[in-house]
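# Descriptive structure summary
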Amino acid sequence: MSSEKEFKHESLQDRFSIVRYLNEIVNGLENGVLEFKTSKDTIQLNPKGLIQMGVRVKKKDEKVKMTLKLNWKEGNDNITFTEDSFVINSEK
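So, here's what we can say about the structure.

Basis of the calculations
Residues numbered from 1 in each chain as written. Predicted model: local features only at pLDDT ≥ 70, side-chain atom pairs only at ≥ 80, totals over all residues. Heavy atoms only, no water. Patch = residues over 30% accessible without salt bridge, like charges linked within 9 Å, V, L, I, M, F, W, Y side chains within 5 Å. Areas by Shrake-Rupley, 256 points an atom, 1.4 Å probe, with all protein chains shown as cover. Salt bridge = Lys/Arg side-chain N within 4 Å of Asp/Glu carboxyl O. Helix = DSSP H or I, 4+ residues; strand = E, 2+ residues; numbered from the N terminus. Buried < 20%, exposed > 50% of the residue type's maximum accessible area, 1.4 Å probe, protein only.

### Remarks on a nonpolar patch on the surface
A grouping of Leu 29, Ile 51, Met 53, Val 55, Val 57, Val 64, Met 66, Leu 68, Leu 70, Phe 86 and Ile 88 is seen on the molecular surface, where their side chains present a nonpolar patch of about 1,000 Å² in accessible area. Of all elements in the fold, only β3 (52-60) and β4 (63-71) reach the threshold of two or more residues within the nonpolar patch. Among the elements that make up the nonpolar patch, the one with the highest residue count is β4 (four residues). Inspection of the secondary structure puts Leu 29 in helix α1 (residues 15-31). On the basis of relative accessible area, Leu 29 is assigned to the partly exposed category, the value being 30%.

Shown next as structure tokens:
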């Protein structure tokens, strides 16, 4: 039996708040439990094994859009690993 649940949240935040959220995502990935909550909705995820990652960055004039996408199957560790060279540099 298939079940589907979607959680969505958008808000305007300063970059320090974004860093706190991203750190919580890092902690959740390390611990294998991610829980997202609003006053109306909650979803719990259990990432483990290999996770597919996608990054997309688009810059036009002064407008920037960055999308980070993570995909995995819960309870399935039999995924083939493929590696492509990728670097994120945060130094000035």
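### Here we look at the pattern of salt bridges
This structure, assessed with the given rule, holds two salt bridges. Ionic pairing is found between Lys 5 and Asp 41, a salt bridge with its closest N-O pair at 3.5 Å. Taken as a pair, Lys 5 in the segment before α1 and Asp 41 in the loop between β1 (34-37) and β2 (42-45) lie far apart in primary sequence, 36 residues in all. Here Lys 37 ties to Glu 35 by a salt bridge, and the two come within 3.5 Å at their closest N and O atoms. In this structure Lys 37 comes out as exposed when scored by relative accessible area, which is 57%. Judged by its relative accessible area of 43%, Glu 35 falls in the partly exposed class.

Scope: geometric values only; no functional claims are made or implied.
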